[in-house]
Amino acid sequence: MGEESSRDAVLAGVRRANAGRPAEEGGRVPWPPPPQSGIALVDLFVARAEAAQACVLVVSGFAEARQRVADILAKAAVSQTVVSDDAWCSPWDMSQLSQEHRSRPENHSRSGFGDVIASATCGGGSVTRMAKASGAGMTCAAYGIADSGTIVVCSGEAGGRVESLLPPLHLALLQATDIVPGLPELLAALHGDARFEKSSAVTFITGPSRTADIELTLTIGVHGPKQLFVVIVAQGGSRA
Amino acid sequence: MRVSIFITCLVDQFHPEVGQAMLAVLDRVGIGYDFPRGQTCCGQPAFNSGCRAEATRVARHFVTAFAGSETIVAPSGSCTEMVKKYVPSLFAQGSPEREEAEAVAGRVREFSDFLVNVVKVVDVGARFPHRLTYHDSCHLLRGLGIRREPRALLAAVRDASVVDLPASDSCCGFGGTFAVKYPAISGEMGREKLQHAMQTGAEYLVACDTGCLMHLRGMIAREDLPLRAVHLAEVLAQT
Amino acid sequence: MSIDATSRPALDDDRLRGLLRAVTTRLMEKRSAAIADVPEWERLRDRARAIKRDALGSLGRHLVEFEYHVTASGGTVHWAADAGEACRVVEKIAADNRVRGVVKSKSMMSEEIGLNTFLEQAGLKVVETDFGEYIIQVAGERPSHIIAPAIHKSRADVGRLFTEKFGAAYTEEPDELAARARDVLRDEFCNARMGITGANFGVAATGTIVIVENEGNARMCTTLPPVHVALMGIEKVVPAIEDLAVFLTLLARNATGQAMTSYVSFITGPRRRGDRSGPEQLHVVLIDNGRTRMLADPVLRDVLACIRCGACQNTCPVYRNIGGHSYGGVYAGPIGSLLGPGLEPRTSPPDLPFVSTLCGACAEVCPVKIDIPNALLYLRQAAMAGRTLKRLPHRRAQRLGLRAWALTMAGPRRYAVASRALRLVLRAFTRGGRVPRLPAPLDGWTQVRDFPMPARQMFRQMIERGPNGRRE
């Protein structure tokens, strides 16, 4: 059977099955309002993300963010980091990362981590190769979802897809003002967001990758990153 | 107040002592009763086997037998659920049979529900100095929403020590003809239930459904277990 | 063969049963903890049910809209009426793109259509990348649980398997075993020219497919190979992106007790111009394979609302004892007892709807409120009326027996006579105060338990004579 006729056959079957059915009773059950919680969104996000084994840092500015990111990379002795465009450029300015790090007196002798590369500088197709060879990948998060500790990465022209998937360490940069309470708010925001329309892959990320397939024993780090760091810039002070 | 006893075929045939116990409790709380002699069965075995026509035949007779009763009390969650939820639907929408069935269905109460919510009594003057644990029969619990009442009645039994049964709401494995068609599975489920009961150190496992009790008692006997399974009415009748 | 026979090996396997019980208990405990955080849980279930009902009621329109948007975003939609056609569609895409090896993430649909075998016979290499699925692929077995397919294998089993397969030193540490799989599979992801996945949901308004996972292997399958094929049952379509808020809130909590799985991918089309990574082609295969038949059935259409969370399996006391393989089909547990007859009527065991006590535990946990016991009763009726494709063994005899029973029960005098006869028979079988063996067809009872010996008098006889009895 040719595909055109399969399409016709399937749709005809659906139409027949639904023929003569009365319109569905009643409207949709309305979405219940979220319970009022006194906890600030950032605090809730941190708690939930940490419960999912993510490491979360809250800083008060972008310069401090760069400093803490450098510390993370140094501690993990990452030999190469690949950075998506939105993290490379303003306001995060990760293009300044290595330079600022080396210029700090305590880091004079050694930087502690290797090259930090903008994925924009990789030729077509080789971002993947670069990401495969990198110890860390850095991307921006378009949103954070507080009640599950989830970050949302809209990958697209600015990259973000393989940077957040292939290297064993993923650093996600999030502004506190982009944290929403829950899924209904997130999906409503996403629906109207041009980044969603332009993106072939929007990914919700909650903690590092995991499996419990053997006897339900939790193992962190299977195919996706083994470590997820979320750096949040919040007006109002640093934490952790 | 006066009620009609719907004895249920299992109690009538195999465990009349449960019926006797129920009457003793009703006497004690001052409730009069009668026994519509035409009654036989609610039709559940045929219904659960997928034989609607056969179930309807039996259900029709049930409705006739209890047509004159004001309040009907049964010592069984599954039979009560069958009558209340399924018997009316066996008859054509809008037919006089359906209306009659709905009327009768509206008047049936399970025994523990009747005591607590109609007679409004929890202490029926029972004394039973033993360690007890209670199993939630599926149709009683999920079909009728009755979980608090049997526990309240047991809690008021003098000198009884009631302990929680782990996984009390997990099916015991009776399931009517399931117990006959899938004995190995049924047996495994029953074994798990009895193991939980014995873990509590209880001497008596109490339930409100004779189907569950026949299955569990049968296994206790076959495997010679140090436990007894009894109906709630039997406990409440003790003084 | 009745499931009574086919489930015996599983019931005799103490180790399997222990593992199944431990796993299902743990998953249900985690579920309870997770839903305690969601006070509006019941209202969400109602909403989920309403969305699915609406979606199924306008399915034709939503499918056409979905197709339009997938196409507009650069993807291709294929339609397959049945399993065979779906397999051929995938094979053709592979042939058109010189694909020799395929990486797959977990997809019940791919099992349903028998895709792996089909592709392998066509000369393609197929690699399962979900850790549990990978394990059972290496072992040559079928999945036994929807969420944890290798749950029947202990760590020692897997350790031995991997040593045989990879030759490396023996380990049974799950961390190390996962690391081994990660290394092997990473090469496969990079070399395969096609990634095949399922789809948890398809959004009509945007042409987005949604994939839910924890390991990251689906992201690999949908990102690295140049061709991505997504297999989707036609019932998976939901109208709008906002609808996912309800389903994503319910799904992971119900399945594993997580607030959210590690990854949820919203994929709309292949890579866009200017993207530096992502597949060049996206193919969505919309598959019927019996779904329109279920949709046409007034009771079974509600079963199509299933979002494959697996909670009904975890709570089912029958499933916990017999495991997935005993259901004789791709889908197991309570939902399997409905999807089996619905989608695989030629091969599903005809007694499947009867392997349940109708306890109702499944309906209590179903996120889309499918009335599973009611649907089972409906299928029982169909089976006993001889309306099923596969004949129910002994159907006529059972029906006759119940007819005779009903006749007896419908008349008080017949009931009295039959009761007396029954008591005589039982007395004949009584030994030492009990009945250890009943004659056929009731001998199933006494296989595992005794039957009570008949009381001296029936209740109705006592009430007429005893000191407490009162006349009507």
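The model shown is predicted, which means the values in this text are computed figures rather than measured ones.

Caption draft 1: The overall build of chain B, seen in detail. Broken down by element type, chain B carries 13 helices and eight strands. Relative to the 2.2 N^0.38 estimate, which gives 18 Å for 239 residues, the radius of gyration of chain B is 17 Å and therefore close to what a compact globule would have. A principal-axis box enclosing the C-alpha atoms of chain B has dimensions of 55 × 45 × 25 Å. Within chain B, the fraction of its 239 residues that count as buried is 63%.

Caption draft 2: How the structure looks around the interface of chain B and chain C. Counting residues at the interface gives 61 residues for chain B and 67 residues for chain C. The contact between chain B and chain C buries some 6000 Å² in all, and 60% of this surface belongs to carbon and sulfur atoms. Contact with chain C buries area across many residues of chain B, yet Gln13, Tyr182 and Arg222 of chain B alone supply 11% of it, more than any other trio. Where chain B touches chain C, the interface holds nine salt bridges. In this structure, Arg399 of chain C and Glu54 of chain B form a salt bridge, with 3.1 Å as the shortest nitrogen-oxygen distance. Where chain B touches chain C, the interface holds 28 residue pairs in polar contact (both at pLDDT 80 or more). The greatest single-element share of the side of chain B that touches chain C, amounting to eight residues, is contributed by helix H11 (residues 183-199) of chain B. Here the residues of the side of chain B that touches chain C sort into 29 nonpolar, 21 polar and eleven charged.

Caption draft 3: Structural context of the interface of chain A and chain C. The interface of chain A with chain C comprises 74 residues on the first partner and 101 residues on the second. Interface area for chain A against chain C, summed over the two sides, is near 7100 Å², with a carbon-plus-sulfur share of 57%. Here chain A is connected to chain C by three salt bridges. Between Glu215 of chain A and Arg155 of chain C there is a salt bridge; the shortest N-O distance is 3.0 Å.

Caption draft 4: Molecular detail of the sheet that holds strand S4 (residues 108-110) of chain B. Residues and elements named next belong to chain B. An order of S2-S1-S3-S4 is seen for the four strands of this open sheet, with the pairing classed as parallel. Each of the sheet's edge strands pairs with one partner strand only, and the pair in question is strand S2 (32-34) and S4. Strand-to-strand twist in this sheet, taken as the mean axis angle between neighbours without regard to direction, amounts to 40 degrees. One ladder, built from three bridges, connects strand S1 (residues 2-5) with S2; its direction is parallel. What sits directly across from Val3, in S2, is Tyr33.

Caption draft 5: The arrangement of the pattern of salt bridges in detail. Counting across every chain of the model gives 43 salt bridges over all chains. Residue Arg104 of chain A pairs with Asp71 of chain A through a salt bridge whose shortest N-O separation is 3.2 Å. Placement of the pair is Arg104 of chain A in the loop between helix H5 (97-103) and strand S3 (115-118) and Asp71 of chain A in helix H3 (residues 62-75), with a sequence separation of 33 residues. The partner of Arg21 of chain C in a salt bridge is Glu188 of chain B, and the shortest N-O contact between them spans 3.6 Å. You can see Arg21 of chain C sitting in helix H3 (residues 14-36) and its partner Glu188 of chain B sitting in helix H11, one on each of two chains. What makes Arg21 of chain C buried here is its relative accessible area of 15%. The class for Glu188 of chain B is buried, based on a relative accessible area of 10%. In the salt-bridge network here, residues are joined through shared partners; they are Glu188, Arg191, Glu192 and Glu223 of chain B together with Asp14, Arg17, Arg21 and Arg320 of chain C.

Caption draft 6: Seen up close, the environment of Leu154 of chain B. Residue and element names in this part refer to chain B. Tracing the backbone shows Leu154 in helix H9 (residues 148-155). Residue classification places Leu154 among the buried positions, given a relative accessible area of 2%. In the structure, Leu154 is positioned 134 residues away from Gln20 in sequence and 18 Å away in space, judged by C-alpha atoms. What Leu154 contacts, discounting residues up to four positions off in sequence, is Leu132, Tyr134, Val162, Val206, Leu232 and Val235.

Caption draft 7: Highlighting helix H4 (residues 41-57) of chain C. Compared with the 24 Å implied by 1.5 Å per residue over 17 residues, the 24 Å span of H4 of chain C between its first and last C-alpha is a close match. For H4 of chain C, the complete set of buried residues consists of Trp41, Leu44, Arg45, Arg47, Ala48, Ala50, Ile51, Lys52, Ala55 and Leu56 of chain C.

Caption draft 8: View of the packing of helix H7 (residues 111-118) of chain B against H9 of chain B. All names here are of chain B. Relative to each other, H7 and H9 sit at 75 degrees, their axes nearing to 8 Å. In terms of orientation, H7 lies roughly perpendicular with respect to H9. On the side of H7, the interface is formed by Ser112, Asp113, Leu115, Val116 and Asn117, while H9 contributes Arg148, Glu149, Pro150 and Leu153. Residues of the contact of H7 with H9, tallied by class, amount to four nonpolar, two polar and three charged.

Caption draft 9: Looking closely at the sheet that holds strand S1 (residues 76-80) of chain C. Residue and element names in this part refer to chain C. Taking strand neighbours across the sheet as the criterion, the six strands line up as S1-S10-S7-S4-S2-S3 in an open arrangement whose pairing is parallel. With one partner strand each, in any of the chains shown, S1 and strand S3 (125-128) form the two edges of the open sheet. Each strand axis lies, on average, 25 degrees off the axis of its neighbour in the sheet, ignoring direction. Both S1 and strand S10 (residues 281-287) contribute to a ladder of five bridges, which runs parallel. Among the inter-strand pairings, Val77 is bridged to a residue of S10, identified as Val284.

Caption draft 10: Local environment of the domain arrangement of chain B. Residues and elements named next belong to chain B. Under the domain assignment, chain B is made up of domain 1 (2-117) and domain 2 (122-236). Across the boundary between the two partners, domain 1 contributes 27 residues, which contact 25 residues of domain 2. Summed over both partners, the interface of domain 1 with domain 2 buries about 2100 Å², with 66% contributed by carbon and sulfur atoms. Contact with domain 2 buries area across many residues of domain 1, yet His15, Arg28 and Val116 alone supply 20% of it, more than any other trio. In this structure, the connection of domain 1 to domain 2 is made through zero salt bridges. Connecting domain 1 to domain 2 are ten residue pairs in polar contact (both at pLDDT 80 or more).

How each quantity is defined
- Residues numbered from 1 in each chain as written.
- Chains lettered and ligands numbered in written order.
- Predicted model: local features only at pLDDT ≥ 70, side-chain atom pairs only at ≥ 80, totals over all residues.
- Heavy atoms only, no water.
- Helix = DSSP H or I, 4+ residues; strand = E, 2+ residues; numbered from the N terminus.
- Rg over C-alpha atoms; globule rule 2.2 N^0.38 Å.
- Buried < 20%, exposed > 50% of the residue type's maximum accessible area, 1.4 Å probe, protein only.
- Contact = heavy atoms within 4.5 Å.
- Buried area = accessible area lost by both parts, 1.4 Å probe.
- Salt bridge = Lys/Arg side-chain N within 4 Å of Asp/Glu carboxyl O.
- Polar contact = N/O pair within 3.5 Å; in protein donor to acceptor, adjacent residues only side chain to side chain.
- Nonpolar A, V, L, I, M, F, W, Y, C, P; charged D, E, K, R; others polar.
- Pairing = 2+ DSSP bridges.
- Axes fitted to C-alpha atoms, helices over the stretch in contact; angles between N-to-C directions.
- Expected span 1.5 Å × (residues − 1).
- Parallel < 35°, antiparallel > 145°, perpendicular 65-115°, else oblique.
- Domains from an automatic or database assignment.

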